[in-house]
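The residues making up each chain are set out below.
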Amino acid sequence: MPSYDYRCDQNGQVVEVIHKMSEKLATWGEVCEKASLDLGDTPADAPVTRLITGGAVVSSSALSNPEAPACG
């Protein structure tokens, strides 16, 4: 299952949550439940925003093969 980052609009915290692509989390309570976190002082109905993430970053040096001939 993919992971998603959510930012609470009220407290500014960012939490990574793993859930199905078809699920839509809209509140801090839903995010905390999925992430097994305590709500803290933030109300459960506080809205959250799913952040856009780019996934894993691979540097070009990690892709090089020292045994392959260099491009001309």
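A.B. asks: Where do I start with the nonpolar core in this structure?
C.D. replies: The tendency in soluble globular proteins is for nonpolar side chains to be buried side by side. Formed by Tyr4, Tyr6, Cys8, Val15, Val17, Leu25, Trp28, Val31, Cys32, Ala46 and Val48, the largest nonpolar core amounts to 11 residues. Mapped by element, the contributors of at least two residues to this core are strand S1 (3–8), strand S2 (14–18) and helix H1 (28–35). Each residue touching leucine 25, except ones within four places of it in the same chain, is listed here: Tyr6, Val17, His19, Glu30, Val31, Lys34 and Val48.

A.B. asks: How should I be thinking about H1 in this particular structure?
C.D. replies: Think of an α-helix as turning once every 3.6 residues; residues three or four places apart then point the same way. Among all positions in H1, only Trp28, Gly29, Val31 and Cys32 are buried. Angularly, the buried residues of H1 cover 160° about the axis, an arc narrow enough to put them on a single face. Against S1, S2 and strand S3 (48–51) lie the buried residues of H1. After H1 finishes, the residue serine 36 shows a positive phi value of roughly 55°.

A.B. asks: What's the story with the side chain of histidine 19 in this structure? I'm lost.
C.D. replies: Position of histidine 19 relative to the elements: it lies in the loop between S2 and H1. Of the polar contacts made by the side chain of histidine 19, one reaches the side chain of tyrosine 6; its length is 2.8 Å. Setting aside residues no more than four positions away along its own chain, histidine 19 makes contact with Met1, Pro2, Tyr4, Tyr6, Leu25, Lys34 and Arg50.

A.B. asks: Can you walk me through the pairing of S2 in this structure?
C.D. replies: In summary, the side chains of a regular strand alternate between the two faces of the sheet. Here S2 shows a clear split, with Val15 and Val17 buried on one side and none of Val14, Glu16 and Ile18 buried on the other. For S1 and S2, the ladder comprises 5 bridges, and the chain directions are antiparallel. Looking at the pairing, arginine 7 lines up with valine 14 of S2. Hairpin connection, S1 to S2: the antiparallel pair is bridged by 5 residues, and glycine 12 has positive phi, about 80°.

A.B. asks: Teacher, can you tell me more about the sheet that holds S2 here?
C.D. replies: In a beta sheet, neighbouring strands are held together by backbone hydrogen bonds and run either parallel or antiparallel to one another. With antiparallel pairing, the 3 strands of this open sheet are ordered in space as S2-S1-S3. Strands at the two margins of the open sheet, each flanked by one partner only, are S2 and S3. The sheet shows a mean angle of 35° between the axes of neighbouring strands, direction not considered. Where S1 meets S3, 4 bridges bridge the pair, whose relative direction is antiparallel. Within the sheet, the bridge partner assigned to aspartate 5 lies in S3 and is leucine 51. Sheet strands touched by H1: S1, S2 and S3. Its angle to S2, the strand with the most contacts, is close to 60°.

Scoring rules and cut-offs
- Residues numbered from 1 in each chain as written.
- Predicted model: local features only at pLDDT ≥ 70, side-chain atom pairs only at ≥ 80, totals over all residues.
- Heavy atoms only, no water.
- Core = buried A, V, L, I, M, F, W, Y, C linked by side-chain atoms within 4.5 Å.
- Buried < 20%, exposed > 50% of the residue type's maximum accessible area, 1.4 Å probe, protein only.
- Helix = DSSP H or I, 4+ residues; strand = E, 2+ residues; numbered from the N terminus.
- Contact = heavy atoms within 4.5 Å.
- Arc of directions from axis to C-beta.
- Polar contact = N/O pair within 3.5 Å; in protein donor to acceptor, adjacent residues only side chain to side chain.
- Pairing = 2+ DSSP bridges.
- Axes fitted to C-alpha atoms, helices over the stretch in contact; angles between N-to-C directions.

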